[in-house]
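Listed here are the chains, written in short residue letters.
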Amino acid sequence: MDLSMKFLYLQLKKHYDVVSLNLPDNDNLLCSSVRLKPESTWIPARDTLYVMDCSWDELRKSALPLTTRLIIFDDDPPENGAYPCLIFPHSYSRSQVLNDVLAVFYRYDRWSQQVTEAILKNQTLQEILHITQTVEENPMYFADPSFKMLAQVSQDMEEFSVIWRYQLRYGYLPFNVMMDLAETGELEMLHSAIPAIYADTKSFTSKFISKAIRYKGKVHGHFFIIQTYRHLNQCDLEIADYLGNLVSAAIYEDNNYLTRSSLYHEHFMIDILENTLRDAELTKNQLKPLGWELKGDYRLLGVYMPEDEDALKRNAITLLTDGWNAQAFLYDDYMIVVYNEPARKYDALLEHIHHFLKLLNRYASLSESFSNFTDMSLYYQQILFTLQHRDDAISECRLFLYEDYFMAHLIHLANDCLAEYKPVSDLRSYDALNHSDYCHTLYTYLMCEQNAVRTAQTLFLHRNTLKYRMEKILDIIKVPLEHPMVRQRILFSLYTLENVKKE
């Protein structure tokens, strides 16, 4: 690992209070090694640091190139010398200084070799950070482009910042903080910086170093060092640059080394979906940048897109949300869209979704409306069940509404816990003995809300035939259909029979 003159100065300053640094034109040159000046005539290597046994006056009489990196020993050096050099008092031991500089190179060369080997062995980012702890005591973490935390090492980060406490608990920056970064331009600064930068932003209480990890011109993630146990300096910047560049090189070999997500709200929405984030106040704060409240008129749309290319999914997100008060994100095999629209727009929303599904030839399910944003996980189960049990026989249908699958879902949830209702059992036994179809007749009658005309039309029966059948059915089941709970119980059992017949 090449180390800059300023890096070496800061490392030596830990042991030598008297060391000083001279950098002409503030040119912080890199050094790859250190050695004593040869006794014979020599041509200095460009990136080698030389320990000289001469004063500054003697050095000026030499013909060395002005870019030669030097360590000199002089009690009265000029303020603005011509050479980049580390300066010690004349009485200091040349060999001791050489050994101490060699120790610095050895320490960071060893670290760079260990990190490189870890990457070549495809070890995790977490393991790489543990190796880096040998040279960096401040908290560090890797994040994807949406600032989801992929790996971190820290001890007391929870103690000094509410934001970091949230990030450690949930694994990503709060959505409202992300929006603050975007609005202040600080997010663009972090994404666009090529070398590591020292940042002191309005959005964070702590200063930090950020290194954007790039591949083919795109940001695939960030490496952060947080100022906690000591002030950040040039050493931290060079560590961040070196490690970030190594990970960028690793992406060249394995494009999935860093997970890529650029939807800043995605992790927040997924935590709500998985019922991981339950704190109402935290949720409320993160909804503010969207202009949303905990209470609203929400619906979930799930589009089945298991093998679609990432570009198509991103395009689909734009098509489904453009012009609507909605947020979309990817989850498992689905694209989830959260709509926050009043009920009066429901018909227009259905038309919009139908158009999209026809355009891309995809299937989707729409949940019931719900008012409490934090109940999203329950309504995700609705769209999941509907898509998994959709009726493929309906060839023209691409949007499946949960309302049509509620009874099936209820039966699925009840499983074998509910016994068959005895009146339905009696009617089923009668059908089996007499080869009649009274169960289907009663089911259709109840689904038509006991409307005899509609029932007769649906079953292609004469009204008198239906009247006869219903009299016979009521005589068999021996329970009054006027009672709403009785009707529901019968319908529940009959629905199960109807679906068994279809299978």
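Please refer to the structure placed before this passage.
Residues numbered from 1 in each chain as written. Predicted model: local features only at pLDDT ≥ 70, side-chain atom pairs only at ≥ 80, totals over all residues. Heavy atoms only, no water.

Our focus in this paragraph is the packing of helix H10 (residues 266–273) against helix H14 (residues 376–388). Across the interface, H10 lies against H14 with an axial gap of 7 Å and an inter-helix angle of 85°. Relative to H14, the element H10 is oriented roughly perpendicular. Contacts between H10 and H14 involve Met269, Ile272 and Leu273 from the first element and Met376, Ser377 and Tyr380 from the second. (Axes fitted to C-alpha atoms, helices over the stretch in contact; angles between N-to-C directions. Helix = DSSP H or I, 4+ residues; strand = E, 2+ residues; numbered from the N terminus. Parallel < 35°, antiparallel > 145°, perpendicular 65-115°, else oblique. Contact = heavy atoms within 4.5 Å.)

A few words now on the nonpolar core. One finds Leu8, Leu49, Ile71, Leu86, Phe88, Val101 and Phe223 to be the most contacted residues of the largest nonpolar core, which totals 53 residues. With 10 residues, the top contributor of residues to this core is helix H3 (residues 94–120). Look past the residues within four positions of Leu8 in its chain and what remains in contact with it is Leu3, Cys31, Leu49, Leu86, Val101, Val104 and Phe105. (Core = buried A, V, L, I, M, F, W, Y, C linked by side-chain atoms within 4.5 Å. Buried < 20%, exposed > 50% of the residue type's maximum accessible area, 1.4 Å probe, protein only.)

With that settled, the discussion passes to the packing of aromatic side chains. Both the distance between ring centres and the angle between the ring planes are used here to describe each pair of aromatic rings. The tally for this structure, following the rule as stated, stands at 24 aromatic pairs. With 6.3 Å between their ring centres and 75° between their planes, Phe400 and Tyr405 make a pair best called edge-to-face. Neither residue differs from the other here; Phe400 and Tyr405 are each classed as buried. Summarising the aromatic geometry, the rings of Tyr402 and Phe406 are spaced 6.4 Å apart at their centres and angled 75° between planes, so their arrangement reads as edge-to-face. Residue class for Tyr402 comes out buried when judged on its relative accessible area of 5%. (Phe/Tyr/Trp six-rings, centres within 6.5 Å; stacked < 30°, edge-to-face > 60°.)

Moving on, we get to unusual backbone geometry. With the exception of glycine, most residues fall at negative phi, and the peptide bonds are largely trans. Non-glycine residue Asn26 carries a positive phi angle of around 55°. By secondary structure assignment, the location of Asn26 is in the loop between strand S2 (20–22) and strand S3 (30–31). When its relative accessible area of 57% is taken as the criterion, Asn26 is described as exposed. One non-glycine residue, Asn361, lies in the positive phi region at around 55°. Residue placement: Asn361 occurs in the loop between helix H13 (346–360) and strand S16 (364–366).

Note: strand S13 (residues 295–304) against strand S17 (residues 370–372), two bridges, orientation antiparallel. The residue of S17 that forms the bridge with Lys295 is Asn372. Sheet topology note: the S13/strand S15 (residues 334–340) ladder contains seven bridges and is antiparallel. For Tyr304, the partnering residue across the bridge sits in S15 and is Tyr334. (Pairing = 2+ DSSP bridges.)

A few words on the pairing of strand S14 (residues 326–331). The buried fraction of S14 amounts to six of the six residues, a majority that puts the element mostly inside the structure. Side chains of S14 alternate between two faces, with Ala326, Ala328 and Leu330 and Gln327, Phe329 and Tyr331 buried alike. Pairing of S14 with S15 involves six bridges; the strand directions are antiparallel. When the sheet's bridge partners are listed, Ala326 is paired in S15 with Tyr339.

All right, on to helix H16 (residues 422–434) then. With 13 residues, H16 ought to run about 18 Å at 1.5 Å a step, and its terminal C-alpha atoms sit 18 Å apart, in line with that. Buried residues of H16: Pro423, Val424, Leu427 and Asp431, and no others. With its buried residues spanning 95° around the axis, H16 presents them on a single face. Residues Lys422, Ala432 and Leu433 are exposed on H16 and point more than 90 degrees away from its buried face. (Expected span 1.5 Å × (residues − 1). Arc of directions from axis to C-beta.)

Moving on, we come to the sheet that holds strand S7 (residues 85–88). Here we have five strands laid out as an open sheet, ordered S2-S7-S6-S5-S4, and mixed in their pairing. One side of each edge strand has no neighbouring strand; the edge strands of this open sheet are S2 and strand S4 (33–36). Adjacent strand axes in the sheet meet at a mean angle of 25° when their direction is disregarded. Looking at chain direction, strand S5 (residues 48–51) and strand S6 (residues 69–73) are connected through three bridges and run parallel. For Val51, the partnering residue across the bridge sits in S6 and is Ile71. The sheet contacts of helix H1 (residues 5–13) involve S2, S5, S6 and S7, and relative to S7 the element is tilted by about 25°. Sheet strands touched by H3: S4, S5, S6 and S7. Its angle to S4, the strand with the most contacts, is close to 165°.

Moving on, we come to helix H12 (residues 310–321). Helix length check: H12 (12 residues) gives 17 Å between terminal C-alpha atoms against 16 Å at 1.5 Å per residue, within 8%. For H12, the set of buried residues is Lys313, Ala316, Ile317, Leu320 and Thr321. All buried residues of H12 lie within an arc of 110° about the axis, which places them on one face of the element. Packing partners of the buried residues in H12 comprise S13, S14, S15 and H13.

The full count for this structure, using the stated rule, is 10 salt bridges. Its salt-bridge partner being Lys207, residue Asp200 comes within 3.9 Å of it at the nearest N-O pair. Owing to a relative accessible area of 30%, Lys207 belongs among the partly exposed residues under this scheme. What emerges from the salt-bridge pattern is a single network uniting Glu136, Glu137, Arg230 and Asp236. (Salt bridge = Lys/Arg side-chain N within 4 Å of Asp/Glu carboxyl O.)

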